[in-house]
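Take a look at the letters that make up each chain.
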Amino acid sequence: MSAEISKDDPRPESEQAADILRQEIARGDIKPGAHVGSVRDLATRFKISGMTVQRALAILREDGLILTTTRGSYARDPQQATEATEASEANAGVDLPEVLRQLEHLTSQVSELRGRLEALESRSVPGGA
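Definitions and limits used
Residues numbered from 1 in each chain as written. Predicted model: local features only at pLDDT ≥ 70, side-chain atom pairs only at ≥ 80, totals over all residues. Heavy atoms only, no water. Helix = DSSP H or I, 4+ residues; strand = E, 2+ residues; numbered from the N terminus. Expected span 1.5 Å × (residues − 1). Buried < 20%, exposed > 50% of the residue type's maximum accessible area, 1.4 Å probe, protein only. Core = buried A, V, L, I, M, F, W, Y, C linked by side-chain atoms within 4.5 Å. Contact = heavy atoms within 4.5 Å. Arc of directions from axis to C-beta.

Caption draft 1: Here's a closer look at helix H1 (residues 13–27). Here H1 is 15 residues long and its end C-alpha atoms lie 21 Å apart, about the 21 Å a rise of 1.5 Å per residue gives. Every buried residue of H1 is listed here: Ser14, Gln16, Ala17, Ala18, Ile20, Leu21, Glu24 and Ile25. Two residues or fewer past H1, Gly28 is found with a positive phi of approximately 90°.

Structure, rendered in structure tokens:
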């Protein structure tokens, strides 16, 4: 775990940090389920700001390589991350306009049913049998 951020590298520091952590996860230096490190610890390790570390962690989250909870960020199994990414890419072909059209249709049906229910309730006899 001796890789460092290079000032000579044209890539942003966040990408460099993400790549270093990505390699450590892939090699098994950071095992699945293991804590990746706190933002403060990673900032000190890489000699970068906390915001830059957070961007690096966001990159790894998007790649499915880490899971972030209120207790910190934890490595995921790289194989599972690859499968999750592939599933996400498969769902990327969803026809959003069609989904929205169907949602609008369902919303109008719910509104219509609500109106019918209110009309029935208004016709019922209070306390009656």
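Caption draft 2: Representation of the nonpolar core within the structure. The biggest cluster of nonpolar side chains holds 19 residues, and the ones touching the most others in it are Leu21, Val36, Leu42, Phe46 and Leu57. Contributions of two or more residues to this core are made by H1, helix H2 (39–46) and helix H3 (50–62). At 5 residues, H1 tops the list of elements feeding residues into this core. Filtering out sequence-adjacent residues up to four positions away, Leu21 remains in contact with Ile30, Val36, Leu42, Arg45, Phe46, Leu57 and Leu60.

Caption draft 3: Broad picture of H2. Of the positions making up H2, those classed as buried are Leu42, Ala43 and Phe46. Looking down the long axis of H2, one finds its buried residues gathered within 100° of arc, a one-sided arrangement. What points out from H2, more than 90 degrees from its buried face, is the exposed set Arg40, Asp41 and Thr44. For H2, the secondary structure elements touched by its buried residues are H1 and H3. Positive phi appears at Lys47, one or two residues downstream of H2, with a value of about 60°.

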